[in-house]
Amino acid sequence: MTEKQVLVTGACGEIGQALVQELAKRGGYKIITSDLAPLPDSISHLAAEHVQGDLVYKVKIFYDYDFDVIFHLAASLSSKAEIATEEAHRINVEGTMQLLMLAAYRSEKYGKAVKFIFPSSIAAYGMPDIAMKRKAGTVREEEWDSPHTMYGCNKLYCEKLGTYYSRFHGQKHLDEHPPVMMDFRAIRFPGLVSAFTLPSGGTSDYGPEMLHAAAQGKPYACFVRPDTIISFMAMPDAIKSMLMLMDAPRENLTTSVYNVAAFAITAEDFRQRALSAFPSADITFEPNPRRQGIVDSWPEDVNDSRARADWNWKPDYDVDRFFEEYFLPEIRKRYGK
Ligand code: SER
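1. Some thoughts on the overall build of the protein chain
Across its full length, the protein chain carries 13 helices and 14 strands. In terms of overall dimensions, the protein chain is globule-like: its C-alpha atoms have a radius of gyration of 20 Å, near the 20 Å expected for 337 residues. Seen through its principal axes, the protein chain has C-alpha atoms that stretch 65 × 45 × 40 Å. Per-residue burial over the protein chain gives 53% buried out of 337 residues. Residue pairs at least 24 apart in sequence account for 76% of intrachain contacts in the protein chain once pairs closer than 6 positions are excluded. Approximately 14,400 Å² of the protein chain is accessible, and the part contributed by carbon and sulfur atoms is 52%. Charged side chains in the protein chain number 38 positive and 45 negative. The centres of these two groups are separated by 2 Å.

2. Describing the environment of Tyr 164
Structurally, Tyr 164 can be placed in helix H7 (residues 150–167). Assessed through its relative accessible area of 31%, Tyr 164 is described here as partly exposed. Along the primary structure Tyr 164 and Leu 100 are separated by 64 residues, whereas in three dimensions their C-alpha atoms are 9.8 Å apart. Separated by 3.1 Å, the side chain of Tyr 164 and the backbone nitrogen of Gly 170 make a polar contact.

3. Some thoughts on the sheet that holds strand E8 (residues 191–193)
Within a beta sheet, neighbouring strands are joined by backbone hydrogen bonds and run either parallel or antiparallel to one another. Taken together, the three strands give an open sheet; going across it, the order is E8-E10-E12, and neighbouring strands pair in mixed fashion. Two strands close off the open sheet at either side, each with one partner strand: E8 and strand E12 (263–266). Here the strands of the sheet are splayed against their neighbours by 45° on average, with no regard to which way each runs. Judged from the four bridges that link them, strand E10 (residues 229–234) and E12 form a sheet pairing that is antiparallel.

4. Digging into the pairing of strand E4 (residues 69–72)
Burial along E4 is two-sided: Val 69 and Phe 71 and Ile 70 and His 72, pointing in opposite directions, are all buried. Across four bridges, strand E1 (residues 4–9) lies against E4 in parallel orientation. Looking across to E4, one finds that Leu 7 is bridged to Ile 70. The pairing of E4 with strand E5 (residues 115–121) spans three bridges and is classified as parallel. If you follow Val 69 over to E5, its bridge partner there is Lys 115.

5. Some points on the side chain of Glu 300
The topology assignment puts Glu 300 in the loop between helix H11 (289–296) and strand E14 (301–302). Buried charge Glu 300 goes without a salt bridge, the closest partner of opposite sign being Arg 134 at 4.9 Å. With residues up to four places along the chain from it excluded, the contact list for Glu 300 reads Lys 133, Arg 134, Gly 137, Ile 229, Ile 230, Ser 231 and Ala 264.

6. Things to note about the sheet that holds E1
One open sheet holds the seven strands; their spatial order is E3-E2-E1-E4-E5-E7-E11, and the pairing between them is parallel. With one partner strand each, in any of the chains shown, strand E3 (49–52) and strand E11 (257–259) form the two edges of the open sheet. Averaged over all adjacent pairs, the angle separating strand axes in this sheet is 20°, with direction ignored. The sheet contacts of helix H5 (residues 85–110) involve E1, E4, E5 and strand E7 (183–189), and relative to E4 the element is tilted by about 175°.

7. With respect to the pattern of salt bridges
Summed over all chains, the structure comprises 24 salt bridges. Between Arg 90 and Asp 54 there is a salt bridge, and its shortest N-O distance comes to 2.6 Å. Of this pair, Arg 90 sits in helix H5 while Asp 54 sits in the loop between E3 and helix H3 (55–58), placing them 36 residues apart in sequence. Note that Arg 140 is salt-bridged to Glu 142, the shortest N-O span being 3.7 Å. We classify Glu 142 as partly exposed; its relative accessible area is 48%.

8. A look at helix H1 (residues 14–26)
Under the 1.5 Å per step criterion, the end-to-end length of H1 is 19 Å for 13 residues, consistent within 8% with the ideal 18 Å. All of the buried residues in H1 are Glu 14, Ile 15, Gly 16, Gln 17, Ala 18, Leu 19, Val 20 and Leu 23. Gly 27 lies just past H1 and shows a positive phi near 80°.

9. Thoughts on unusual backbone geometry
A positive phi is found at Trp 144, a non-glycine position, where the angle reads about 55°. Within the element layout of this structure, Trp 144 appears in the loop between strand E6 (138–139) and H7. In this structure, Asn 312 takes a positive phi of about 60° despite not being glycine. Judged by relative accessible area, Asn 312 falls into the exposed class, the value being 63%.

10. Here we look at the site of the ligand
Close to the ligand lie Leu 77, Ser 78, Ser 121, Tyr 151, Gly 202, Thr 203, Ser 204 and Trp 298, which account for all nearby residues. Here a nitrogen atom of the ligand and a side-chain polar atom of Ser 204 are 2.8 Å apart. Within the complex, the protein chains bury 91% of what would otherwise be the 230 Å² of accessible surface of the ligand. Here the shell around the ligand is composed, by residue class, of three nonpolar, five polar and no charged.

11. Observations regarding the packing of aromatic side chains
If you walk through the whole model with that rule in mind, you get 19 aromatic pairs. Cluster of aromatic residues (ring-pair linked, three or more members): Phe 196, Tyr 206, Phe 223, Phe 232, Phe 263, Phe 270, Tyr 317, Phe 322, Phe 323, Tyr 326 and Phe 327. Positioned above the aromatic ring of Tyr 317, the side-chain terminus of Arg 321 is 5.2 Å from the ring centre.

Calculation criteria
Residues numbered from 1 in each chain as written. Predicted model: local features only at pLDDT ≥ 70, side-chain atom pairs only at ≥ 80, totals over all residues. Heavy atoms only, no water. Helix = DSSP H or I, 4+ residues; strand = E, 2+ residues; numbered from the N terminus. Rg over C-alpha atoms; globule rule 2.2 N^0.38 Å. Buried < 20%, exposed > 50% of the residue type's maximum accessible area, 1.4 Å probe, protein only. Contact = heavy atoms within 4.5 Å. Areas by Shrake-Rupley, 256 points an atom, 1.4 Å probe, with all protein chains shown as cover. Lys, Arg positive; Asp, Glu negative; His and termini not counted. Charge placed at Lys NZ, Arg CZ, Asp CG, Glu CD. Polar contact = N/O pair within 3.5 Å; in protein donor to acceptor, adjacent residues only side chain to side chain. Pairing = 2+ DSSP bridges. Axes fitted to C-alpha atoms, helices over the stretch in contact; angles between N-to-C directions. Salt bridge = Lys/Arg side-chain N within 4 Å of Asp/Glu carboxyl O. Expected span 1.5 Å × (residues − 1). Near = heavy atom within 4 Å. Nonpolar A, V, L, I, M, F, W, Y, C, P; charged D, E, K, R; others polar. Phe/Tyr/Trp six-rings, centres within 6.5 Å; stacked < 30°, edge-to-face > 60°. Lys NZ or Arg CZ within 6 Å of the ring centre and 35° of its normal.

As structure tokens, this is what we get:
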């Protein structure tokens, strides 16, 4: 069997490391990675090749590669993107645009649709205020698409660009013999929590930061209020959802952008769970108004019924299984507590 050639950008990030490990475990993939940084030990032996550097300038190298699938994970996350907004736009939009052009070119030229899997985010939503957030509850893909952050604007726009390149590029779909178009598929992730890595630069980071600090016996001052609520997901479920979406037959997909959800809990729920596992955990709340505002603009939860209907999506980990069967056993091994 010939191997599928796969590109993973942002491979050193949390999703990247977990995805490369899972692809290698599955087998049948030649994995090419790219990132600003060298690959960490956790995955350096799993990649056939690593291209280190700024994707915006490195992308021309990839025109000679015959990728079947591109996982474009490289991004500047929401809190960081509010500090360096133009740089975030360059990374999040320019980088994506360059890769979309590559995928479109190769798909049309060689008549083989390159799959482009894009992690979007609950940041693509923007609730006008906390009262509306509470009232709206669980939201669908097409609702409240007015993000408050640079990162959210970037993700929403890139969803649109990807859909454009896979369906309408140059209006060639109207030709008598339309070319093969690239195959863009996006998932809007909630906050992700891994037992093995920590996020950096995001705004849902208080969840994983609090748990990792508690497990290490380090004090933690949470940067949002105790009643703050958004949806979260275990990293293995995030990886599962990307691979399920990759494998789904194109004719089953009724949209190119899908919500996925697992469990919506508050910052206080995280604290209580941390305290019951690590009774001496020292967790306080010191809300940061700007980061609080970002999370308050994200919905309480998302409706993922389209993903469930179109590609049989269902998370393995609800909140209890997340803590009992994934996070706590792994984190105890990791920190020896
Ligand atoms: N977890 C990301 C962040 O907080 C959202 O996609 O920026």
